[in-house]
2 protein chains.
Amino acid sequence: MNSPDTLKKLFAPQSIAIVGASETIGKIGAIPITLLKKYGYQGDIYPVNPRSHTIQGLDCYASLADIPTPIDLVIIAVPAQHAYTALANARPGMVAGAVLFSSGFAEIDEAGRIEQERLSALAQERGIRLLGPNCLGFMNIRENTFATFSPVAMNHQIPVGNIGVVSQSGAFGAYACSLMLNRGMGLSSWITTGNESDIDVADCIALLAADPHTDVIMAYLEGCQDGEKLKRAFIAADQANKRIVITKVGRTQAGAQAAASHTAALAGDDAVYDALFHQYGILRTHSIDEFFNVGQALSVWRHPTRNTGLAVMSLSGGVGALMADDAQEMGLSLPAMPKQAQNRLLQRVPFAGTQNPVDVTGQAVSDPTLFSDTAHDMLSSGQFGALVVFLAAAGSSDSFWPHIERFAESMRASYPDIPFALVALLPEPRRRALEKLGCLTFTDPSTAVRTVGALLKRNQSISSTPPSISSTALPLLPTDITTLNEVESLAVLNEAGIPSAPILIAHSATQAAAISQQLNRAVVMKILSRDILHKSDIGGIRLNITSPEDAITAFQDITSNVQSHAPAARIDGVLIAPMIAGGIECIAGVHRDPVFGPVVMFGLGGIFVEILQDTSFRLAPFDETEAISMIQETRASQILAGARGRAPADIEALAKALACLSQLAYASRDQIESIDINPLVVLEQGQGVVALDALVMLSSPTV
Amino acid sequence: MNSPDTLKKLFAPQSIAIVGASETIGKIGAIPITLLKKYGYQGDIYPVNPRSHTIQGLDCYASLADIPTPIDLVIIAVPAQHAYTALANARPGMVAGAVLFSSGFAEIDEAGRIEQERLSALAQERGIRLLGPNCLGFMNIRENTFATFSPVAMNHQIPVGNIGVVSQSGAFGAYACSLMLNRGMGLSSWITTGNESDIDVADCIALLAADPHTDVIMAYLEGCQDGEKLKRAFIAADQANKRIVITKVGRTQAGAQAAASHTAALAGDDAVYDALFHQYGILRTHSIDEFFNVGQALSVWRHPTRNTGLAVMSLSGGVGALMADDAQEMGLSLPAMPKQAQNRLLQRVPFAGTQNPVDVTGQAVSDPTLFSDTAHDMLSSGQFGALVVFLAAAGSSDSFWPHIERFAESMRASYPDIPFALVALLPEPRRRALEKLGCLTFTDPSTAVRTVGALLKRNQSISSTPPSISSTALPLLPTDITTLNEVESLAVLNEAGIPSAPILIAHSATQAAAISQQLNRAVVMKILSRDILHKSDIGGIRLNITSPEDAITAFQDITSNVQSHAPAARIDGVLIAPMIAGGIECIAGVHRDPVFGPVVMFGLGGIFVEILQDTSFRLAPFDETEAISMIQETRASQILAGARGRAPADIEALAKALACLSQLAYASRDQIESIDINPLVVLEQGQGVVALDALVMLSSPTV
């Protein structure tokens, strides 16, 4: 039901009925008809309005029931209170899809929400797919299908292109369309999803993934309700070799609050979206400008480049340095120009800057082939994945223009796979001419570096498809309790591949003494109870016990402490485990995101997590390679790598443990509510990791 | 000599001679004459060229020597090798200033550097101020003075405005001028300083600070050689109530390297520039776009606003949330709209978002006074310092335009002191019309928030003038050594107001035992030697000595360790001090920046400084208020404030110690090379700070 196929009739209809059709130019019910006629839509158009016989020169029907043929798409342009009746009039089986412009549903109040549900129940019963309500509709530019009342297309013909745009917000969608027109960007389809009573952003991404005329999908997201569907859409797009750029609002608390008050959609934790986008190779942008800069760049350069080095060339050394600042802040590499090329440049301009950024100096104005020759010299080395050139004011010179054009032509011809950007203040026709040649143009050098940098970094961030988890055995979990005690928790983790220290349980002071004797080394003793979450707070832990006598005292102390502070707690004994010396204390955990399921958290213990919030997140499941990237994302990972003269820690074992944790969390996602491992001690390289304490919480049994 | 007065003749000349004057349109020696004539320069123009009698209709002179009257400005537009002779021909006392366009001096090689010095020596001898060489000259727009060969002004008349631009780079300067023309920004003066053989950016800032027609100074900086002059210029601008925006390249290592290879100027440490800009209320921008956005905004709204809350209004809830994200990331506050105003909005739009961002919804399209009424309701509360409004696609609607214009007019009339920005895609004439009304316009909502946010934050960052240090007594410092031992170092700090623990010195084991007995508490013992910088590495420290017997052993251990590991070190005894329990270990230090003098560093000990580089810097001297901001700039300051259930630390005492340190460093800036206090222990609130170890290094005596 939810495959793109069921949406094809709606989004590429052969026939369109407009309920609430109007003769009055500019009215909601008039605009779609005007646009369809103006741009030569090839299918049938059926205006529906009981008060007219013809509308905009077309025969008009009193009701959907009067239309004799099957209808692929019904546009409903009547007030909310009439929408249900309008759709109910459709003859069963004769309508494939409907777009509801009307607002006044779930976005305003509870009564609206109920009316919206009544409408979608009707649609579902009749097998009608719904876009909206409370949306601006859609445009399929290539097929001249305008199912929108946005007036943007009234004044300007939207150029056909390879970018598909999906927006939850109509207001944003309309603005986006204006901006794209203004930039001369071409579109394949433009869709606004509004209240998403049926079709959501994920459906549209899947639809565009299957559209041969779309190469780049740009989505504007406020929230998501079905995480699995969104993931499937991302995978479909990746498999079809399409690139996705997303702007999602709510990346700060203030933004998330504003988004939550605006939309009924559950926004979910923004850090989880970051993890999602990272793992599925989605380019996330943070402003509308960046959204279109990156989208436009991808529409030209959607294939990953082989190298990730950035080549920067400038006729101003200072602006070259400014671009180097931007490149380094993005984490891009700026390999030096090859020695031979350096020498050739120095022969022509003895005071040129020959590293990278390359400064060809103002000399380029009187010797215009300097740019092109040096660029060829640089790129032919095979070290660079992209080139950004700052032309300064020479870019606006009439006499210099032919050289710029030739330069762009030769770059495109010689290096069709290497993104190439010119920074100059160009008159509009020249900018368009360069863009036709596949050259990106900017007026701001920093924006050029950041946009091209996004293309280069994209290459590094496409994750492998998440590992298959079919082989992961489900652990046997109790069904009668929701909190496992420490021993049970560690046992579940152990089974999943996360090591812990050997543990013994004493039920009496004598047993404790015997265990101490038997182990013959320093041990830790802890109260074992599923009802006590903060053991040390109530004196439930004794460290560094080295003799049977001390073990007896410790046992007595612990049990009497627990007796006085938590008399009602169920006690499973006192746990005794060897002290683990050295290592670095980390924290790992799992929580269940309401939209995207189990999410794994990692961080270093102490101030890193508590004060600096230096944590990283990934959706479960993931493999060890992803776990390594997860570890390296924290600033504290320098400590694991061996900063301050320490021996490097066993990062491989840590990655393996995190991957195992993610696979356990995913396999048991219906049972496990959360996992906390604190501390997870990472020993020196080759010596592994040890979970020293853990807490597994299960879902309440659903009887 | 260096006051703005001596520059006035050069930058506002009554007479101009052009050496190397040319008839050929577009030549370097022709452009200034063409521009001066085209735009109606009122002074005298004297072309100089031995091969012509008239040039561009003006009488031509064979040499500067032939001009009978005094000349305020000589433009030298001949190749480098002829520049000296050209200037030497001027009759002594008859030339006030010269602009040297010619390149081929210090920027290319050592010979060029020598020739440049010969030229500036000549100019200095004759009392001629020099701009350049290797520069694009300058324009004084108000007086139609065009001493430049930049062709930008040839095609377009530059509008007169209140912004003065100074650029070290000619290429950047020309590009900046094009961008400003393109944006319709008005200019008072535009100056490029090139090699700065005499006049530098600081001189130009001081000049513009004294110019009644300049309100905003925009400077593009690659490096600075005279820090004191730059500080004086900043103070002059502040006193004249002018705002300064600076883009300085080299904020990363890659950028600094590129800048260093490009310019002969000593760039200095970028963190020091950040401190400088912070302390002197300079707005630092990081990209060229941001530079002009902020400069343009300041040219309209240069006076600080009383409140710092940002009001955000949108007809798209989602884009409102996006703007809230940007605001929070900048650290701006978004106070909620007053309750009464919320109720009034809800009466008109029951599903509006009424907090902040305020979402007036698409309803605003059919009820256009919604924006204006709600904005008045919000701003009249007096809680807000600025307003940003996103109009979405309505901004490009013809029918909506009159409402937008009226909205802007009423805002400007009612709240002339509250910056006001509209985000919309506007046709150029409408954009200009709004700008004339004092309304800022943007197409990108994030850019709008960041630009307006820069204005709001600016209010908070203007430091008080650095404290007078006249009262700080200079400490008595030895002149025969360059490294003070720990006791001497701590004594110098003590005298300056930075507390340390009481210290005794033992010269024998018996003395050590006696001191231990006398103190009767746990002590630390450390070798005292100006030759041993890392005491613990060679076993020169013993902690927690509690008895006279232990003190004897410790003394013997320490001396024998030192004997074997550092036999040549001069030993001043063994230091004995009480152990200090608790507190938070910090690090404070002073180093001498080659350009800006003594700089104070602060950070928390351990990983914060070593792994996270979580440090802050300020130029000395500064007061306790500035020290508080310096402390709060570090992420680790949360620990001092009492994170993780700790008692808050004595931040006031710490601030006092840092301020004292800065005043010591400034007062003794000619003698003290560096200071390290590690650790500086901050005790609980009310209990002060204690320097537990310190090292003061003095300058080598200059005999």
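Residues numbered from 1 in each chain as written. Chains lettered and ligands numbered in written order. Predicted model: local features only at pLDDT ≥ 70, side-chain atom pairs only at ≥ 80, totals over all residues. Heavy atoms only, no water.

A. Spatial organisation of the pattern of salt bridges. Following the criterion strictly, the structure yields 70 salt bridges over all chains and no others. The salt bridge partner of Arg243 of chain A is Asp238 of chain A, with a shortest N-O separation of 3.7 Å. For Arg592 of chain A, the salt bridge identified is with Glu673 of chain A, shortest N-O distance 2.6 Å. Of the two residues, Arg592 of chain A sits in strand E24 (residues 584-593) while Glu673 of chain A sits in strand E27 (residues 672-682), which places them 81 residues apart along the sequence. Linked by salt bridges that have partners in common, Arg251 of chain A together with Asp325, Asp326, Glu329 and Arg450 of chain B make up one network. (Salt bridge = Lys/Arg side-chain N within 4 Å of Asp/Glu carboxyl O. Helix = DSSP H or I, 4+ residues; strand = E, 2+ residues; numbered from the N terminus.)

B. Expanded view of the packing of helix H15 (residues 369-379) of chain B against helix H16 (residues 401-414) of chain B. Residues and elements named next belong to chain B. Packing of H15 against H16 leaves a shortest axis separation of 10 Å and a crossing angle of 20 degrees. In terms of orientation, H15 and H16 fall into the roughly parallel class. Regarding H15 and H16, the two cross each other, and that crossing is right-handed. Mapping the contact onto sequence places Phe371, Ser372, Ala375, His376 and Leu379 in H15 and Phe407, Ser410, Met411 and Ser414 in H16. Counted by class, the contact of H15 with H16 contains 5 nonpolar, 4 polar and no charged residues. (Axes fitted to C-alpha atoms, helices over the stretch in contact; angles between N-to-C directions. Parallel < 35°, antiparallel > 145°, perpendicular 65-115°, else oblique. Left-handed = near helix turned anticlockwise from the far one by under 90°. Contact = heavy atoms within 4.5 Å. Nonpolar A, V, L, I, M, F, W, Y, C, P; charged D, E, K, R; others polar.)

C. Summary view of the UniProt feature "domain: CoA-binding" (unreviewed entry) in chain A. Per the UniProt record, "domain: CoA-binding" (unreviewed entry) is annotated on residues 10-105 of chain A. The annotated region residues 10-105 of chain A carries 20% helix and 27% strand content, and the separation between its end C-alpha atoms amounts to 22 Å. (UniProt positions renumbered as here; feature names shortened; annotations may be inferred.)

D. Representation of the nonpolar core. In this structure, Leu310 of chain A together with Leu310 of chain B are the most contacted members of the largest nonpolar core, which totals 316 residues. Within the second largest apolar cluster, 95 residues are counted, among which are Ala653 of chain A together with Phe602, Leu604 and Leu698 of chain B. (Core = buried A, V, L, I, M, F, W, Y, C linked by side-chain atoms within 4.5 Å. Buried < 20%, exposed > 50% of the residue type's maximum accessible area, 1.4 Å probe, protein only.)

E. Representation of the packing of helix H7 (residues 201-209) of chain B against helix H8 (residues 227-239) of chain B in the model. Residues and elements named next belong to chain B. Where H7 contacts H8, the two axes come as close as 8 Å, and the packing angle between them is 15 degrees. Accordingly, the angle class assigned to the pair H7 and H8 is roughly parallel. Crossing handedness for the pair H7 and H8: left-handed. Judged by residue contacts, Ala202, Asp203, Ile205, Ala206 and Ala209 of H7 engage Lys229, Leu230, Ala233, Phe234, Ala236 and Ala237 from H8. When grouped by side-chain class, the residues that make up the contact of H7 with H8 number 9 nonpolar, no polar and 2 charged.

F. Representation of the side chain of Lys231 of chain A in the model. All names here are of chain A. The residue Lys231 is located in helix H8 (residues 227-239) in this model. On the basis of relative accessibility, which here comes to 6%, the residue Lys231 falls in the buried class. Among residues more than four places away in sequence, those in contact with Lys231 are Leu276, Tyr280, Phe596 and Leu619.

G. Seen up close, the confidence of the model for chain A. Of the residues in chain A, 95% reach a pLDDT of 70 or more, and the chain-wide mean stands at 91. Here the predicted complex carries an ipTM of 0.92, next to a pTM of 0.93. (pLDDT = per-residue confidence, 0-100.)

H. Region of interest: the relation of the copies chain B and chain A. Superposition of chain B onto chain A requires a rotation of 180 degrees combined with a translation of 0.0 Å along the rotation axis, giving an RMSD of 0.1 Å. Expressed as an axis order, the relation between the two copies is that of a two-fold axis. When the interface residues of chain B are mapped onto chain A, 100% of them are again interface residues, pointing to one common binding face. (Least-squares fit on C-alpha atoms with pLDDT ≥ 70 in both.)

I. Molecular detail of the pairing of strand E25 (residues 597-604) of chain A. Residue and element names in this part refer to chain A. Summarising burial for E25: 8 of the 8 residues are buried, a large majority. With 8 bridges joining them, E24 and E25 adopt antiparallel strand pairing. Paired with Ala588 across the bridge in E25 is Phe602. Where E24 folds back on E25, the antiparallel hairpin that results is connected by 3 residues. Relative to strand E26 (residues 615-619), E25 runs antiparallel, the two sharing 5 bridges. Following the sheet pairing, Met601 is matched in E26 by Phe617. (Pairing = 2+ DSSP bridges.)

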